[in-house]
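One-letter residues, chain by chain:
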Amino acid sequence: MKCIKFFQMLFLIAFTVILFAGCTEETEVIVIDDSPAKNSENQSNAEKKYKIYLITMDLADDFWKSIDSGCRQAVEEIGDIDYVWTGPDVNEDAPQMQCIDKAVADGADALVIAASSPRGINASLEKAAAAGVKIIFVDNAAEFDYVAFLATDNELAGTIAGETLLNGLGDAGITSGTIGISANKDNVTSTNLRIKGFRKAFEGTDFTLDNTFFMEDNDQSLKDFAGEHPEYVAFFGPNERTARNLGEQMKSSGSKQIVMGFDTSDSVLTLLYEGHLYATLQQKPQRMGYEGIKIAVETLNGTYTNTNVRIDTGVNVIQKDSI
């Protein structure tokens, strides 16, 4: 009996050894690492939802609305983008800096921004860059590193505007006289470059170009300025707001002074069609917004690696018969 029990015990021990040896040879242990870091590495950039802010100088001008329209078109095509358009109520550095700071605090991945001045918002841009935010300028750039700057070649556009006005003056038989030049503020690089190019077009002619009049966000002040100078043979408004105000002054006063405008809002085109503006230059703000968003996403995805790239979006001369 004892012998039988002994053999039974040996059998159980042998069976147990064989069983565990089989498990050791055939069983594979798989460790799944589901940590957030690992998952984020495996998630393709194309699947990530980005937050992109458009920040303009203000929210009033039709020009900014056109940039927003281009941005929205790109956002719709790309999909899965959290897009926000914001800007200050007035074109000043301090409120635009607040917009930048708020966008960064809100987790913005990229800013498509029209800078209010060359250096006045740099402190906020530095904070944005330090947070890893990609910066794309449209229309007007600050003196700060960027991915891309999409804008009109403003000095060349100003020269084209001057040459166009010279043709209009020649067609009217006017070969000399004083020309008034206006702008909103003196710290906007884009308009300053347009005025610089405009003045070049009149070098060597018998025309006198007056000092630039700055309206400082006061529309009526520009209308009053134009009304106080009936002796001027022409005026130049180097953006939508100045062109519109000059055209409205010509309309209300019945003056036949020749006005060269800039931009193509509905109101500017209406004034052009009615004959209160001689011509205007059409920028391409929708292209600025559209390509700005595209470049922002490509940069965030790592497929666009260039920096400080300047892209000329072009201009067209628009006259009454072009409408």
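One structure accompanies this document, and this report is about it. (Residues numbered from 1 in each chain as written. Predicted model: local features only at pLDDT ≥ 70, side-chain atom pairs only at ≥ 80, totals over all residues. Heavy atoms only, no water.)

1. Details of the overall build of the protein
Line of reasoning, step 1. Helix and strand counts for the protein stand at eleven helices and 13 strands.
Line of reasoning, step 2. Burial status across the protein gives 46% buried among its 323 residues.
Line of reasoning, step 3. Contacts spanning at least 24 positions in sequence make up 72% of the contacts within the protein whose residues lie at least 6 apart.
Line of reasoning, step 4. Here the protein displays about 16,300 Å² of accessible surface, and carbon together with sulfur accounts for 51% of that area. (Helix = DSSP H or I, 4+ residues; strand = E, 2+ residues; numbered from the N terminus. Buried < 20%, exposed > 50% of the residue type's maximum accessible area, 1.4 Å probe, protein only. Contact = heavy atoms within 4.5 Å. Areas by Shrake-Rupley, 256 points an atom, 1.4 Å probe, with all protein chains shown as cover.)

2. Some remarks on the nonpolar core
For soluble globular proteins, nonpolar side chains are generally found buried alongside one another.
Line of reasoning, step 1. Among the nonpolar cores identified, the biggest contains 29 residues, and Ile52, Ile67, Val138, Leu150, Ile293 and Ile295 are the most heavily contacted of them.
Line of reasoning, step 2. Those elements that provide at least two residues to this core are strand S1 (50-55), helix H3 (62-78), strand S2 (81-86), strand S3 (110-113), strand S4 (134-138), strand S5 (148-151) and helix H11 (285-301).
Line of reasoning, step 3. Beyond its immediate sequence surroundings of up to four residues, Ile67 is in contact with Leu54, Val138, Pro285, Met288 and Gly289. (Core = buried A, V, L, I, M, F, W, Y, C linked by side-chain atoms within 4.5 Å.)

3. Concerning the packing of helix H4 (residues 93-105) against helix H5 (residues 122-130)
Line of reasoning, step 1. In contact at an axis separation of 9 Å, H4 and H5 are set at 10° when each is read in the N-to-C sense. The orientation of H4 relative to H5 falls into the category roughly parallel. Packed against H4, whose contacting residues are Met97, Ile100, Asp101 and Val104, the element H5 presents Ala123, Ser124, Leu125, Lys127 and Ala128 at the interface.
Line of reasoning, step 2. Residues belonging to the contact of H4 with H5 are distributed by class as follows: six nonpolar, one polar and two charged. (Axes fitted to C-alpha atoms, helices over the stretch in contact; angles between N-to-C directions. Parallel < 35°, antiparallel > 145°, perpendicular 65-115°, else oblique. Nonpolar A, V, L, I, M, F, W, Y, C, P; charged D, E, K, R; others polar.)

4. Description of the pattern of salt bridges
Line of reasoning, step 1. Per the counting criterion, the structure on display carries 17 salt bridges.
Line of reasoning, step 2. Linking Glu155 and Lys200 is a salt bridge whose minimum nitrogen-to-oxygen distance equals 2.5 Å. A residue pair is termed long-range when its members are at least 10 positions apart, and Glu155 in helix H6 (residues 154-171) and Lys200 in helix H7 (residues 189-201) qualify at 45 residues.
Line of reasoning, step 3. Among the ionic contacts, a cluster of salt bridges with common partners joins Lys185, Glu216, Asp217, Asp219 and Arg241. (Salt bridge = Lys/Arg side-chain N within 4 Å of Asp/Glu carboxyl O.)

5. Notes on the environment of Tyr53
Line of reasoning, step 1. Tracing the chain through its elements places Tyr53 in strand S1.
Line of reasoning, step 2. Distance from Tyr53 to Ala108, taken between C-alpha atoms, is 6.6 Å for residues 55 residues apart in sequence.
Line of reasoning, step 3. Every residue in contact with Tyr53, bar those within four places of it in the chain, is listed here: Val84, Thr86, Ala103, Asp106, Ala108, Ala110, Leu111 and Val112.

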